[in-house]
Amino acid sequence: FRNVGLVPDGGATYLLPRKIGWARSMELILLGEKVHADKALEYGLCNYVFPQDKLMEESLKVAKKLATGPTKTLGMIRQLMWSSFNNSYEEQLRMEAKMQHKAFTFNDTKAAMKAFASKKKPVFKGE
């Protein structure tokens, strides 16, 4: 943005400092330099870096792991993680307890607990 005389938008000035810290955010935003993959990984801007020829294969592995997991529970985990920025510690604990109680009602959770007890791999169905 700074390289074309504009300020960051799209929430960058809110999200970036919370993700990588104020000093690193200031450096990136004020200097306007490209962030290469190794630095993005180091800063926590991405979780993985793959060679270009492996990108699709590795991305599909991650997508498959998410898609074949306990999707209802994963949705609640995402909700908990995002809400943690706005909640106090006590509020977050209450929200976790409420969602944990709800997770115990899911068929996927019941089946996974049974599979765990019999040392088998769970098969999630999104239920």
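Preceding block: the structure.
Here goes a summary of the coordinates provided.

Each value, and the rule that gives it
Residues numbered from 1 in each chain as written. Predicted model: local features only at pLDDT ≥ 70, side-chain atom pairs only at ≥ 80, totals over all residues. Heavy atoms only, no water. Phe/Tyr/Trp six-rings, centres within 6.5 Å; stacked < 30°, edge-to-face > 60°. Buried < 20%, exposed > 50% of the residue type's maximum accessible area, 1.4 Å probe, protein only. Lys NZ or Arg CZ within 6 Å of the ring centre and 35° of its normal. Axes fitted to C-alpha atoms, helices over the stretch in contact; angles between N-to-C directions. Helix = DSSP H or I, 4+ residues; strand = E, 2+ residues; numbered from the N terminus. Parallel < 35°, antiparallel > 145°, perpendicular 65-115°, else oblique. Left-handed = near helix turned anticlockwise from the far one by under 90°. Contact = heavy atoms within 4.5 Å.

Here the focus is the packing of aromatic side chains. Summed over the entire model, instances satisfying the criterion amount to two aromatic pairs. Plain terms: the ring middles of Tyr-48 and Phe-50 are 5.6 Å apart, the flat faces sit at 15° to each other, and that makes the pair stacked. Aromatic side chains Trp-82 and Phe-85 sit 6.3 Å apart centroid to centroid with 50° between the ring planes, which places their arrangement in the tilted category. When its relative accessible area of 55% is taken as the criterion, Trp-82 is described as exposed. Note that Arg-18 overlies the ring of Tyr-14, its terminal NZ or CZ placed 3.5 Å from the centroid.

Further remarks concern the packing of helix α1 (residues 12-20) against helix α2 (residues 22-31). Between α1 and α2, whose axes approach to 7 Å, the crossing angle comes to 130°. Relative to α2, the element α1 lies oblique. Every pair of crossing elements has a handedness; the one defined by α1 and α2 is right-handed. On the side of α1, the interface is formed by Thr-13, Leu-16, Pro-17 and Ile-20, while α2 contributes Trp-22, Arg-24, Ser-25, Leu-28 and Ile-29.

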